[in-house]
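Each chain, written out:
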Amino acid sequence: MSSRSGSVGGGSSAGGSSAGGGAAVPLAVLLRREVASERTASERPELHSGLFSQAKKGEDFTFLKPDCERLPGVPSSSFSAFGLFDGHNGNGAAIYTKENLLNNILSAVPADLNREDWLAALPRALVAAFVKTDKDFQTKARSSGTTVTFVIIDGLVITVASVGDSRCVLEAEGSIYHLSSDHRFDASKEEVDRVTESGGDVGRLNVVGGAEIGPLRCWPGGLCLSRSIGDQDVGQFIVPVPLVKQVKLSTAGGRLIIASDGVWDALSPEAAFNCSRELPPEPAAEQIVKTAVHSKGLRDDTTCIVVDIVAEKNSSSMPLPKKQQGIGVFKNMFCKKKSSDSSSHADREYMDPDIVEEMFEDGCALLSRRLDSEYPVRNMFKLFICAICQVELKPNQGISVHEDSSQPGSLRRWDGPFLCQSCQEKKEAMEGKHRSRDSSRNSGSGE
Ligand SMILES: [Zn+2]
């Protein structure tokens, strides 16, 4: 499957035809901007993708759309999108998210951006779209939830947004990179603290005699995930705010594996890459799923998407020096940035062209921070549009994302971005500020 459909003027828009609010910009202007920020030939890789799945409960869903266009009818604005949704307590949230998330992402990006600005805008648009999708789904159903691992590939730039525990891992330049979250209570003390402070009760299952067994879960309900889309019946503190990571590959390209926990419960990322090496994407995905099922049995839905990003061979630029071949060097390229407050884009000017370059990472659950990112462009996000649901706000109708009803008169209440009333209520509920229902568990072993 190639990523470049080349449907010139076909008007085949990306999954979201209703992209972006804001004034229309003449096509000629958009094209000129597009050319100005055009990818160089070496930055236009080919994509090949494959999928394999073995169902047990029928709650894993996938989304493969290799031929999206940011500007409908402009092939050079093409990008590819891949998603994995592992549902629980029913498949409603997974199906709803699969059908609506890309549209919500595209409507959260202003229509008139060039490529560089669109890539810079994506992290914030992904946060807005995840929250909007969650909020909209809650008007349709109370129960069911889903993990979301959503990958956008534009040239050599990979942007991954994730909630829950389906993983996306990258192998490039001889190393393995983790591009997604592990939003399980067992994996993050920080998430346990966040949920507990917001009114959730986290602990292990009690059996008769007082023994505690199994993973850490949130009660009532017993969910192991600290973030997801859906799960209104568990509590609003199970938030849909994704970890977003953005990296740029070197011209050597790389392979992505996106898979549900049915795979990762049985295989390490290293084992998944090793067992499928040399195979094209579809047989590779099948091999990974079969290896996982063979080792642990089919205990859960087990789904895998493999995407190869292959740089064009005839591209200009420098010949690549030989890299070290030792696969299995686990790298957490982001650790050096960890608790830093700067979620801004890294300096891209002087990067070595021969390494995977980290461009962005932020996993904070606070919307006041995630929606407030600074960008190198002016007026990218319109002040009078709700930063989450994109509804138009009348003057003095918007509520600052920094407003905090538990601390009236907070410092930055006149600062944008702004939210509509309903999204402001959603934000406060996510932060545990509306504790209408008693969510405590009788046994009280959790902290
Ligand atoms: Zn809103």
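Computed from a prediction, not measured in an experiment: that's the story for all the values here.

K.L.:
Talk me through the overall build of the protein; I want residue IDs and the actual numbers.
P.N.:
From N to C terminus, the protein includes nine helices and 18 strands. Here the protein, with 447 residues, has 47% of them falling under the buried criterion. Counting only contacts in the protein whose residues sit at least 6 apart along the sequence, the fraction spanning at least 24 positions is 73%.

K.L.:
I'd like a description of helix α4 (residues 189-197), backed by residues and values.
P.N.:
Restricting attention to buried positions, one finds in α4 the residues Glu-191, Val-192, Arg-194 and Val-195. Axial view of α4: buried residues confined to an arc of 165°, hence all on one face. What points out from α4, more than 90 degrees from its buried face, is the exposed set Lys-189, Asp-193 and Glu-197. The inward-facing, buried residues of α4 abut β9 (201-206) and β10 (212-219). Gly-199 occupies a position one or two residues after α4 and carries a positive phi of about 105°.

K.L.:
Which residues make up the pairing of strand β7 (residues 167-172), and what values go with them?
P.N.:
By the criterion of burial, β7 is predominantly enclosed, with six of the six residues buried. Judged from the five bridges that link them, β7 and strand β13 (residues 254-259) form a sheet pairing that is antiparallel. Opposite Leu-170, over in β13, you have Leu-256 as the bridge partner. Two elements, β7 and strand β8 (residues 175-178), share four bridges in a ladder whose sense is antiparallel. Within the sheet, the bridge partner assigned to Leu-170 lies in β8 and is Tyr-177. Taking the residues between adjacent antiparallel strands as the criterion, β7 and β8 are bridged by two residues, where Glu-173 takes a positive phi near 55°.

K.L.:
Provide a residue-level description of the environment of His-294, including the pertinent values.
P.N.:
Turning to its location among the elements, His-294 is positioned in helix α7 (residues 281-296). His-294 sits in the exposed class, given 10 other C-beta atoms within 10 Å. Along the sequence, His-294 and Ala-266 sit 28 residues apart, while their C-alpha atoms lie 9.0 Å from each other.

K.L.:
Would you mind going over the packing of helix α6 (residues 269-276) against α7 in detail, with residue names and values included?
P.N.:
Two elements in contact, α6 and α7, have axes whose closest approach is 9 Å; the angle formed by their N-to-C orientations is 125°. With respect to each other, α6 and α7 are oriented oblique. Pair α6 / α7 crosses with right-handed handedness. Residue-level contacts link Ala-272, Cys-275 and Ser-276 of α6 to Ala-284, Gln-287, Ile-288 and Thr-291 of α7. Class assignment of the residues belonging to the contact of α6 with α7 gives a composition of four nonpolar, three polar and no charged.

K.L.:
Tell me what's going on with the environment of Leu-47, and back it up with residues and numbers.
P.N.:
When you line up the elements, Leu-47 lands in strand β1 (residues 46-54). By C-beta crowding, Leu-47 is classed as buried, having 21 other C-beta atoms within 10 Å. Between the alpha carbons of Leu-47 and Val-310 there is a distance of 6.2 Å; along the sequence they are 263 residues apart.

K.L.:
Break down the packing of helix α2 (residues 92-107) against helix α3 (residues 115-138) for me, with residues and values.
P.N.:
In the contact formed by α2 and α3, the axes pass within 9 Å of each other and the chain directions differ by 140°. When the axis of α2 is compared with that of α3, the two are oblique. With respect to the hand of their crossing, α2 and α3 are arranged in right-handed fashion. Contacts between α2 and α3 involve Ala-93, Tyr-96, Thr-97, Asn-100, Leu-101, Asn-104 and Ile-105 from the former and Ala-125, Leu-126, Ala-129, Lys-132, Thr-133, Asp-136 and Phe-137 from the latter. Class assignment for the residues of the contact of α2 with α3 results in eight nonpolar, four polar and two charged.

K.L.:
Break down unusual backbone geometry for me, citing the residues and quoting the values.
P.N.:
Here the residue pair Trp-219 and Pro-220 is connected by a cis peptide bond, since its omega of -5° sits within 30 degrees of zero. If you trace the backbone, Pro-220 turns up in the loop between β10 and β11 (229-230). One non-glycine residue with positive phi stands out, namely Asp-231, at about 60°. You can see Asp-231 is positioned in the loop between β11 and β12 (243-248). Its 29 C-beta neighbours within 10 Å are what place Asp-231 among the buried residues.

About the cut-offs
Here, residues in each chain are numbered from 1, in the same order as that chain's written sequence. In view of the model being predicted, local features appear only for residues whose pLDDT reaches at least 70, and side-chain atom pairs are presented and counted only at 80 or more, with totals across whole chains, interfaces and linings using the full set of residues. Helix and strand assignments follow DSSP, with helices taken as H or I runs no shorter than four residues and strands as E runs no shorter than two, numbered in order from the N terminus. In this scheme the burial state of a residue depends on its C-beta neighbours within 10 Å: 20 or more other such atoms mean buried, 12 or fewer mean exposed, and anything in between means partly exposed; the C-beta positions come from the backbone. Remark: residues whose backbone-derived C-beta atoms lie within 7 Å of one another are considered to be in contact. The arc under discussion is defined with respect to the helix axis, by the directions toward the C-beta atoms. Pairing between strands is defined by DSSP: at least two bridges between the two strands are required. Fitting a line to C-alpha atoms yields each axis, with helices limited to the stretch in contact; the angle taken between N-to-C directions then spans 0 to 180 degrees. We call two directions roughly parallel when the angle between them is under 35 degrees, roughly antiparallel when it is over 145, roughly perpendicular when it lies between 65 and 115, and oblique otherwise. Helix crossings fall into two classes, left-handed where the near helix is turned counterclockwise from the far one by less than a right angle and right-handed where it is turned clockwise. Each residue gets one label: Ala, Val, Leu, Ile, Met, Phe, Trp, Tyr, Cys and Pro are nonpolar, Asp, Glu, Lys and Arg are charged, and the others, such as Gly, are polar.

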